[in-house]
Amino acid sequence: MVILQHKGSLLRVKLILTQYYLTSFLSTSRSHCGFLHDTLIMLAGHYEDSYVWDMKRVLLGSCFLLALGCGDKRNNPKPEAATYRITEDFEGARKDAYATGELPLNTGIWEFDDALIWGGAFQADAKNGKRAVRIRNTGSISTAFQVSNLEMVYFKHGLFGNDAPATWHLYMAPDGEGFQQVGEEMTTSSHTLKLDSFAVSDTGKVRFRIVKTGGGRLNIDDIVFKGTGESGIVLGEPGTWEGGGYDPADEEPRGVEKGEDAPPSVGDNSNMLFGNPSDADDNIINYSNYLIDHHYYVLSYNRDRGTPNWVSWHLDEANITGEVGRQDNFAPYIGIPQSWYVVSHASYTGSGFNRGHNCPSADRTSSYEANSSTFLMTNMIPQAPENNGGPWADLENEIRAQVRNGREAYIIMGLYGKGGKGDNGEAETIDNGKITVPARIWKVALLLTKGDDDLARVTADTRIIAVDMPNSNDVDERWQNYQVSVDAIEQQTGYDLFANLPEDIQRAVEGAVVVDF
């Protein structure tokens, strides 16, 4: 106000200074726009001489600029921080081994311990899309990167295959601190994905870890980070575990540890009660019909095909208790004669065919030993994924359902022919010609009500399911459309599937086709 009381050259200097300070004030502060606007208008109208009139014009111009600034403040408030929602869907990444390792994903580097992202042929993961994390035992997955300004985390979780319920914890590590549990222990009991969420109280930089604490194998998919402001996540390209997929250390050759839950060697409930279909024996000379007893099932192995000819086993409720889940511990059989080619897990990698179980994993859930026995490569055949995961899986489920409803089953599965159609099209062999792809896959299940003296209880009316299916991705979705008689399978294979039954009973049960399933 003192400046406005002077005239002449001093006033001109003051005028210039006033203009400078007003401009500076306009650029740095608009907190009192309304008051300054009114005051400057009043002062500009108070002076009339020529020098002061120059100042009046400056003041009026400054008022105009202030008015623009104030109007901009009123009409264009400072924008609020943007919200973000970033999803890790695990698509495009691959880690086929449970071994500890780091994996680049869309959201950054993740650490895996006893966990994988299966990228091979179909397996029974609960997933959205083609991939999901699978955690076994007390394994975990963790973010190696930090997330900032986070408010909520969403997870989808489900059980692998037919595994028992799983328990797990979510942990969070604020910047520079250790992991702390978030919320209560979670229990997953659904075999399809379910959505859960966790509120996050720390909006600084945090890492996350999911730790499985018990039960069956756990699938995790579609983890969503939601917050306000900068997330700190740098999106990138998913990759493949630097270990190169399946870790050979996970498949050291092994045999079978016989537990108390193994079927007896002879008599009721034994795996070959109804006979040895091809008269296989364990003489190495019989390389195309070599008998192997894995205690939980028995098979005839064919060295030149690299697969079993047939596998035979007994099934009752004692075998499917759910005591353990699917082990996924594929391994070569240590008892293969030394001069023979040993089929491994890697023999099937990239082939377009599943490692198809003969004796299913789900038929042996009474112990670790029982389930692990089904993952020996002597129990595998190259099976078309749409066959294995479609009608064949439905057939296996139907037989187990019959057993849970008061029956027991004597089952034989086998193959014949050469050439099937998998994910990579038609093929006659895989693994550089060392494993033959079958053209047809068959299964026979003789069903009895639970009881004793099983051979004597078979009558002409005993129910048998017999199926002969093409080993192709073009297979029909209903296994019932491939029902045949036992006689028809014997004609194709040359086997005698129920040799220990009396001839008249054989003729009755082997000639029938049961269609009421």
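So, here is what we can say about the structure in this document. (Residues numbered from 1 in each chain as written. Predicted model: local features only at pLDDT ≥ 70, side-chain atom pairs only at ≥ 80, totals over all residues. Heavy atoms only, no water.)

### Notes on the overall build of the chain
So, point 1. Scanning the chain for helices and strands turns up nine helices and 22 strands.
So, point 2. Out of the 517 residues in the chain, the part that is buried amounts to 52%.
So, point 3. When contacts within the chain are restricted to residue pairs at least 6 apart in sequence, long-range pairs at least 24 apart make up 73% of them.
So, point 4. Total accessible area on the chain stands at roughly 23,300 Å², and carbon and sulfur atoms take up 48% of it. (Helix = DSSP H or I, 4+ residues; strand = E, 2+ residues; numbered from the N terminus. Buried < 20%, exposed > 50% of the residue type's maximum accessible area, 1.4 Å probe, protein only. Contact = heavy atoms within 4.5 Å. Areas by Shrake-Rupley, 256 points an atom, 1.4 Å probe, with all protein chains shown as cover.)

### Quick word on the sheet that holds strand 16 (residues 407-416)
Whenever strands of a sheet pair, they do so through backbone hydrogen bonds, lying parallel or antiparallel.
So, point 1. Across the sheet, six strands lie side by side as 11-12-13-16-21-22; this open sheet has antiparallel pairing. Each of the sheet's edge strands pairs with one partner strand only, and the pair in question is strand 11 (290-293) and strand 22 (463-470). Ignoring strand direction, the axes of neighbouring strands in this sheet form an average angle of 15°.
So, point 2. Bridging between strand 11 and strand 12 (residues 298-302) involves four bridges; their strand directions are antiparallel. Looking across to strand 12, one finds that I292 is bridged to L299.
So, point 3. Here helix 6 (residues 391-404) sits on the sheet in contact with strand 13 (307-315), strand 16, strand 21 (440-449) and strand 22, set at roughly 10° to strand 21. (Pairing = 2+ DSSP bridges. Axes fitted to C-alpha atoms, helices over the stretch in contact; angles between N-to-C directions.)

### Digging into the packing of aromatic side chains
So, point 1. Tallied over the full model, the rule gives 13 aromatic pairs.
So, point 2. Centroid distance F145 to F225: 6.4 Å. Interplanar angle 85°. Geometry classified as edge-to-face. Of the two residues, F145 sits in the loop between strand 4 (133-143) and strand 5 (150-159) while F225 sits in strand 10 (residues 218-228), which places them 80 residues apart along the sequence.
So, point 3. Centre to centre, the rings of W168 and F198 are 6.5 Å apart; their planes meet at 65°, and the pair counts as edge-to-face. Of this pair, W168 sits in strand 6 (residues 166-174) while F198 is found in strand 8 (residues 194-199), placing the two residues 30 residues apart along the sequence. (Phe/Tyr/Trp six-rings, centres within 6.5 Å; stacked < 30°, edge-to-face > 60°.)

### Remarks on helix 9 (residues 503-511)
So, point 1. For helix 9, the set of buried residues is I505, Q506, V509 and E510. Across the axial projection of helix 9, the buried residues extend over an arc of 110°, all falling on one side. With respect to the buried face of helix 9, the exposed residues turned more than 90 degrees away are E503 and R507.
So, point 2. On the buried face of helix 9, the contacting elements are strand 22 and helix 8 (486-493). (Arc of directions from axis to C-beta.)

### A few points about the nonpolar core
So, point 1. Grouped together as the largest cluster of nonpolar side chains are 47 residues, with contacts concentrated most on Y297, Y301, W313, L315, I399 and V467.
So, point 2. Elements with a contribution of two residues or more to this core: strand 11, strand 12, strand 13, strand 15 (380-383), helix 6, strand 16, strand 21 and strand 22.
So, point 3. Listed in part, the 35 residues of the second largest apolar core include I135, W168, M186 and F225. (Core = buried A, V, L, I, M, F, W, Y, C linked by side-chain atoms within 4.5 Å.)

### Focus on unusual backbone geometry
So, point 1. You will see that D222, though not glycine, has its phi angle at about 50°, which is positive.
So, point 2. Structurally, D222 can be placed in strand 10.
So, point 3. With phi around 55°, D453 is a residue other than glycine that occupies positive phi space.
So, point 4. In this fold, D453 is placed in the loop between strand 21 and helix 7 (454-457).

### Observations regarding a negative patch on the surface
So, point 1. Taken together, the side chains of D279, D281, D282, D496, E503 and D504 define an acidic patch exposed on the protein surface.
So, point 2. Position of D281 among the secondary structure elements: in the loop between strand 10 and strand 11. (Patch = residues over 30% accessible without salt bridge, like charges linked within 9 Å, V, L, I, M, F, W, Y side chains within 5 Å. Salt bridge = Lys/Arg side-chain N within 4 Å of Asp/Glu carboxyl O. Lys, Arg positive; Asp, Glu negative; His and termini not counted. Charge placed at Lys NZ, Arg CZ, Asp CG, Glu CD.)

### Details of helix 6
So, point 1. Taking 1.5 Å of rise per residue, 14 residues should cover 20 Å, and helix 6 covers 20 Å from first to last C-alpha, within 8% of that figure.
So, point 2. Every buried residue of helix 6 is accounted for by P391, W392, A393, L395, E396, I399, R400, Q402 and V403.
So, point 3. Just downstream of helix 6, G406 is the residue with a positive phi angle, here 105°. (Expected span 1.5 Å × (residues − 1).)

### Here we look at the pairing of strand 13
So, point 1. Burial runs high along strand 13: nine of the nine residues are buried.
So, point 2. Counted along the chain from strand 12 to the antiparallel partner strand 13, the turn is four residues long, and its residue G306 has a positive phi close to 70°.

### A few points about the packing of helix 8 against helix 9
So, point 1. Orientation of helix 8 relative to helix 9, taken along the N-to-C sense of each, is 95°, at an axis distance of 6 Å. For the element pair helix 8 / helix 9, the angle class is roughly perpendicular. Counted together, V486, D487 and E490 of helix 8 and V509, E510 and G511 of helix 9 form the full contact between these two elements.
So, point 2. Of the residues that constitute the contact of helix 8 with helix 9, the class distribution is two nonpolar, one polar and three charged. (Parallel < 35°, antiparallel > 145°, perpendicular 65-115°, else oblique. Nonpolar A, V, L, I, M, F, W, Y, C, P; charged D, E, K, R; others polar.)

### Section: the side chain of N271
So, point 1. Along the chain, the position of N271 falls in the loop between strand 10 and strand 11.
So, point 2. Accessibility expressed as a relative area gives 6% for N271, which makes it buried.
So, point 3. Polar side-chain contacts of N271 include one of 3.1 Å to the backbone oxygen of H295.
So, point 4. Not counting chain neighbours up to four residues away, the residues in contact with N271 comprise P263, P264, H295, Y296, Y297, V298, S312, W313, H314 and R364. (Polar contact = N/O pair within 3.5 Å; in protein donor to acceptor, adjacent residues only side chain to side chain.)

### A look at the pattern of salt bridges
Two side chains bearing opposite charge may form a pair once their charged atoms approach each other closely.
So, point 1. For the coordinates displayed, the defined rule picks out 17 salt bridges.
So, point 2. Put simply, K156 and D222 hold a salt bridge, and the shortest N to O gap is 3.3 Å. Pair noted here: K156 is in strand 5 and D222 is in strand 10, with a separation of 66 residues, a long-range link.
So, point 3. A relative accessible area of 9% places D222 in the buried class.
So, point 4. Here D328 ties to R217 by a salt bridge, and the two come within 2.7 Å at their closest N and O atoms. Linking D328 in the loop between strand 13 and strand 14 (354-357) with R217 in the loop between strand 9 (206-215) and strand 10, this pair joins segments that are 111 residues apart in sequence.
So, point 5. Overall, the relative accessible area of 3% leaves R217 in the buried class.

Note that all results are geometric; they support no functional claim without further evidence.
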